Amino acid sequence: MEKISVAIPTYNSYKFIRDSIPKIYKTKAIDEVIIHDDFSDKNDFEDILRFVSKYEKNKAIKLKTYRNNSNIGGYKNKYLAVEKCTNNIVYQLDSDNILSNSFSEIFDNNFIKNIDKNYIYLPSFIYAFKKNYMLTSFKKSSLIKIADKDVVLNKEEVKKEIQDNKLSYKPMNWLLNLGNWLFNKDTYLEKLREGYESKDETSAADAIAGTYYWLKNGGSIMLKKDFYHHHRLRSDSYYVSTNEITPKLVEKYLNLISKL
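Before going into details, it helps to say that this report is about the structure given with it. (Residues numbered from 1 in each chain as written. Predicted model: local features only at pLDDT ≥ 70, side-chain atom pairs only at ≥ 80, totals over all residues. Heavy atoms only, no water.)

This next bit is on unusual backbone geometry. In the Ramachandran plot, Asn12 falls in the positive-phi region, its phi being about 50° despite a non-glycine side chain. Inspection of the secondary structure assignment puts Asn12 in the loop between β1 (4–10) and α1 (14–24). The exposure class of Asn12 is partly exposed, given its relative accessible area of 23%. Its identity is not glycine, yet Phe39 carries a phi of approximately 60°, on the positive side. Relative to the helices and strands, Phe39 resides in the loop between β2 (30–37) and α2 (42–53). Since its relative accessible area comes to 39%, Phe39 is described here as partly exposed. (Helix = DSSP H or I, 4+ residues; strand = E, 2+ residues; numbered from the N terminus. Buried < 20%, exposed > 50% of the residue type's maximum accessible area, 1.4 Å probe, protein only.)

Here it is in structure tokens:
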């Protein structure tokens, strides 16, 4: 059977990865986890190593942990995490988010074998939660729905949404900056290499920067029905801590996409 790799970028993420890793190990579609740390504080990284050490003994899923020699930022760290994966299909999961219960059902062997290399697969909805631990139930107010069915958005359709400001997939910057993609590894590395080699600042806008390069280099987006994850909203997130810079960068990449 075809299997999926999970690429998890980390930066001072120990208290969050404790939630994300156990769920992955209950998911049959996955047989590899790559943790790629962006030069976290030494104690935090050592805590990650101690925590994952018990999972390294599980032969059903190969787990490897890497650490950068310096902090290189979210975009490049995600790229390196994906590069280390050995499967053709990769799910890039942010360290503070949590896998869905239905992941293996949606991305079964038949789907994986027939995945479109030119799509990044994005969730059609997410459950947002603010606590620093896994919630066992979710109120309707925590549900953020983007689409009710499979929807394909190519470059021209995304541009039109931005330019017309109709934002039928509300809000467009939420969608394009969501991250947590599933994709073909080689196509991802090819289309996003330009951004990896660029010296442009992305800060916490790395997901929308990735979307820009994906669309610029001929890729499309599929919102996959029933695909979701639990999305943590954090007051201490990198996005919030860089609030003076990141909104301007999101606006920058929205403008760049609209001009493709």
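Don't stop here, the text continues.
Among the secondary structure elements, Ser20 is positioned in helix α1. Take Ser20: its relative accessible area is 0%, and that puts it in the buried class. Beyond its immediate sequence surroundings of up to four residues, Ser20 is in contact with Ser95 and Asn97. (Contact = heavy atoms within 4.5 Å.)

Quick look at the sheet that holds strand β8 (residues 143–145) now. In sheet architecture, strand pairing relies on hydrogen bonds along the backbone and comes in two forms, parallel and antiparallel. The sheet built from 4 strands is open, its strands ordered β5-β12-β7-β8 with mixed pairing. Strands at the two margins of the open sheet, each flanked by one partner only, are β5 (98–99) and β8. Bridge count for strand β7 (residues 125–129) against strand β12 (residues 229–232) is 3 bridges, and the pairing is parallel. In the strand pairing of β12, Ala128 is matched with His231. (Pairing = 2+ DSSP bridges.)

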